Amino acid sequence: MSMNPLLRRRYRLDETPVPFVLNGVAETGRRGDTVLTAILSVSGSLRQSEFTGEKRAGFCLIGACQDCYVMMADGRRVRACSTALLPGMAFITDVGAMAEIGHE
Ligand code: FES
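Now for a description of the structure that goes with this document. None of the values given here were measured: they were computed from a predicted structure.

1. A short note on the sheet that holds strand S2 (residues 25-30)
Right, on to step 1. In spatial order, the strands read S2-S1-S7-S5-S6; together these 5 strands make up an open sheet with mixed pairing. Either end of the sheet is taken by a strand with one partner, and the two such strands are S2 and strand S6 (77-79). On average, adjacent strands in this sheet sit at an angle of 45° to one another, irrespective of strand direction.

Structure follows, in structure tokens:
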């Protein structure tokens, strides 16, 4: 997903960096980020729908709608809006990358 980030970080710019991987690319979030915040700070969308390919960015942001589930590289799914970003997390958010690793 090469597009401009959906979110622009304006606060906590000096917070401790938290490394993570998005579709095989090393990225950096900040301590205190949710997975959703970290991904949308480096990408124009949170994930692609596995059914239509449509770009998604979450909906309710309070853990109620399940629109923000993203797949981790190990196959687990996490609710991005209510999961804290931890160092070393790796996410697969585009349909092409999911197919390559057998997670369609
Ligand atoms: S955006 Fe609704 S559950 Fe995360």
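2. A closer look at the pairing of strand S5 (residues 69-72)
Right, on to step 1. Pairing of S5 with S6, which is carried by 3 bridges, proceeds in the antiparallel orientation. The residue of S6 that forms the bridge with Met71 is Arg77.
Right, on to step 2. Hairpin remark: S5 followed by S6, antiparallel, with 4 residues in the connecting loop; positive phi at Gly75, about 95°.
Right, on to step 3. Note: S5 against strand S7 (residues 90-92), 2 bridges, orientation antiparallel. Residue pairing in the sheet places Met71 in a bridge with Ile92 of S7.

Cut-offs used in this document
- Residues numbered from 1 in each chain as written.
- Predicted model: local features only at pLDDT ≥ 70, side-chain atom pairs only at ≥ 80, totals over all residues.
- Heavy atoms only, no water.
- Pairing = 2+ DSSP bridges.
- Helix = DSSP H or I, 4+ residues; strand = E, 2+ residues; numbered from the N terminus.
- Axes fitted to C-alpha atoms, helices over the stretch in contact; angles between N-to-C directions.

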